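Reading the structure
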Amino acid sequence: MTHEPRGGSPGSGGIGANEGNRAGDGRPPFQARPRRLYAALDLGTNNCRLLVARPEGASFRVVDAFSRIVRLGEGLAQTGRLSEAAMDRAVEALKVCRMKLRDRQVARARLIATEACRQAENGETFIARVKEETGLALEIVDRHTEAQLAAQGCVPLADPKARGVILFDIGGGSSELVWLLPRGPGRNGGPPTAEILGWTSLPVGVVTLAERHDGKHVTPESFARMVDEVAGMVEGFAHRAAIRSQIEHLHMLGTSGTVTTLAGVHLGLPKYDRRRVDGAWLEAGQVDTILGGLLEMSYEERIAHPCIGAERADLVLAGCAILEGMRRHFPCQRLRVADRGLREGILVGLMRQDGVWRRPFHHRPWENNRPGEGGMR
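In terms of burial, strand β2 (residues 38-43) is a largely internal element, six of the six residues being buried. Residues Tyr38, Ala40 and Asp42 line one face of β2 and the alternating positions Ala39, Leu41 and Leu43 line the opposite face, and both faces are buried. Here β2 runs beside strand β3 (residues 47-56); their pairing, made up of six bridges, is antiparallel. Within the sheet, the bridge partner assigned to leucine 43 lies in β3 and is cysteine 48. Between β2 and β3, which pair antiparallel one after the other, the connecting turn spans three residues. Here six bridges tie β2 to strand β5 (residues 108-113), and the two strands are oriented parallel to one another. Counted as the bridge partner of alanine 39 is alanine 109 from β5.

Structure below.
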């Protein structure tokens, strides 16, 4: 997966300079078909995120992206409903996504909503409102699908020498744990695949945990209570004992704002840099040091930190507590950081369905071939 440099006009991403004409034969210019663009949208409890990409080589190239913190699940744990203010914020972000999908002339897209819409009494009503006001048809996915998509998006970062991977995705309203066995490329090429040996979804995320325990003013005692709460949930994971029996041969792979923040803090970045964070490795002792430093910061100091900021200052320690609850049961010595996940998994799934990596057509990714593999094994 690669990202294009910023720039270019909206709706670009078509043919290259040498693809449009036959030179010197006197015939009219040959009009090559534009490359097929795909999009993935993830509306979560905290964020609204969009990726637009085109197939390239054995992966894809991102040509446009959008991310905005909307806190759709704010107050949901107390009321059981999405608030009007939260829905308004989400709809405004989705209008931006709709504009990008239109301007880029995206051919295929999958637009998903996760935990907040799953839980809310008025989740389906909100989905209908989104359709009416933006024209976007969001799909509320179940937790198993969410785990599969996160795994599919992150598998390229798994260490092929490891005997397995513990993938975790810390969301705003839920957190997924997936035990993976990485495989090679799919039967028809493309990015690596993996076998899911076991998975669970924890009914807790950074928004819900921070609201219960006051994410702004975290003490060592309140942090310990959060860790205990999450560790109690992980204890019920059916595959916990099997994973622990071979823990020295496994590594963790994390996808969330929590782990990317940890990596940014560890690297001392003056501002967030995805190129340095995505794929970074953290040793267990380094994670301990980073967590200790964050716990010593005041809420105001977290706001001032270039890799945290005002939008995450009240959530980051809740996310760290979720990570610590997982590490209590799975004390791996290595953690790989992924600035990728659900959206990348969606894109891979769509492209596999279209057979864009199936030989001999891999050099013509805009072709609408017959459906191929459906995604994870």
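The rest of the description comes next.
A few words now on the nonpolar core. Core analysis: the largest hydrophobic core is formed by 51 residues, its most contacted members being Ile166, Phe168, Leu294 and Met326. A per-element tally of this core places helix α13 (residues 316-329) first, with eight residues. When sequence neighbours within four positions are dropped, the list of residues in contact with phenylalanine 168 reads Glu176, Leu177, Met252, Leu253, Gly254, Thr255, Val259, Leu323, Met326 and Leu335.

Strand order in the open sheet formed by six strands is β9-β8-β7-β10-β12-β11, with mixed pairing between adjacent strands. In this open sheet, the two edge strands, each paired with only one partner strand, are β9 (192-202) and β11 (281-283). Strand after strand, the sheet turns through a mean of 25 degrees between neighbouring axes, direction not considered. Taken together, the three bridges between β11 and strand β12 (residues 334-338) define a ladder with antiparallel strand orientation. Bridged to tryptophan 281 within β12 is arginine 336.

Despite not being glycine, arginine 71 has its phi angle at roughly 50 degrees, a positive value. Residue placement: arginine 71 occurs in the loop between β4 (59-69) and α1 (76-79). Arginine 71 gets classed as buried once you look at its relative accessible area, which sits at 17%. With a phi close to 55 degrees, glutamine 105 is a non-glycine residue in the positive phi region. Here glutamine 105 lies in the loop between α2 (84-103) and β5. You can call glutamine 105 exposed: its relative accessible area is 63%.

Turning our eyes to something else, we now look at the confidence of the model for the chain. A residue-level look at the chain finds 85% of positions with pLDDT of 70 or above and a mean pLDDT of 86. Across residues 5-33, confidence stays below pLDDT 50; counting only partners more than four residues off in sequence or on other chains, it has 30 contacts. In this model residues 360-377 is a low-confidence stretch, pLDDT under 50, and it forms 51 contacts with partners more than four residues away in sequence or in other chains.

Following both chains from N to C, one finds helix α9 (residues 257-267) and helix α11 (residues 284-296) inclined at 90 degrees, their axes separated by 10 Å at the closest point. Judged on the interaxial angle alone, α11 and α9 are roughly perpendicular. Contact residues: Leu262, Val265 and His266 in α9; Gln286, Ile290, Leu291 and Leu294 in α11. Its residues assigned to classes, the contact of α9 with α11 shows five nonpolar, two polar and no charged.

Next up on the list: helix α14 (residues 342-353). A rise of 1.5 Å per residue sets the reference length of α14, with its twelve residues, at 16 Å; its end C-alpha atoms lie 17 Å apart and thus fit the reference within 8%. The buried fraction of α14 amounts to eleven of the twelve residues, a majority that puts the element mostly inside the structure. Regarding α14, the residues found buried are Leu342, Arg343, Glu344, Gly345, Ile346, Leu347, Val348, Gly349, Leu350, Met351 and Arg352. Glycine 355 sits one or two positions beyond α14 and adopts a positive phi of about 65 degrees.

Reading guide: rules and limits
Residues numbered from 1 in each chain as written. Predicted model: local features only at pLDDT ≥ 70, side-chain atom pairs only at ≥ 80, totals over all residues. Heavy atoms only, no water. Buried < 20%, exposed > 50% of the residue type's maximum accessible area, 1.4 Å probe, protein only. Helix = DSSP H or I, 4+ residues; strand = E, 2+ residues; numbered from the N terminus. Pairing = 2+ DSSP bridges. Core = buried A, V, L, I, M, F, W, Y, C linked by side-chain atoms within 4.5 Å. Contact = heavy atoms within 4.5 Å. Axes fitted to C-alpha atoms, helices over the stretch in contact; angles between N-to-C directions. pLDDT = per-residue confidence, 0-100. Parallel < 35°, antiparallel > 145°, perpendicular 65-115°, else oblique. Nonpolar A, V, L, I, M, F, W, Y, C, P; charged D, E, K, R; others polar. Expected span 1.5 Å × (residues − 1).

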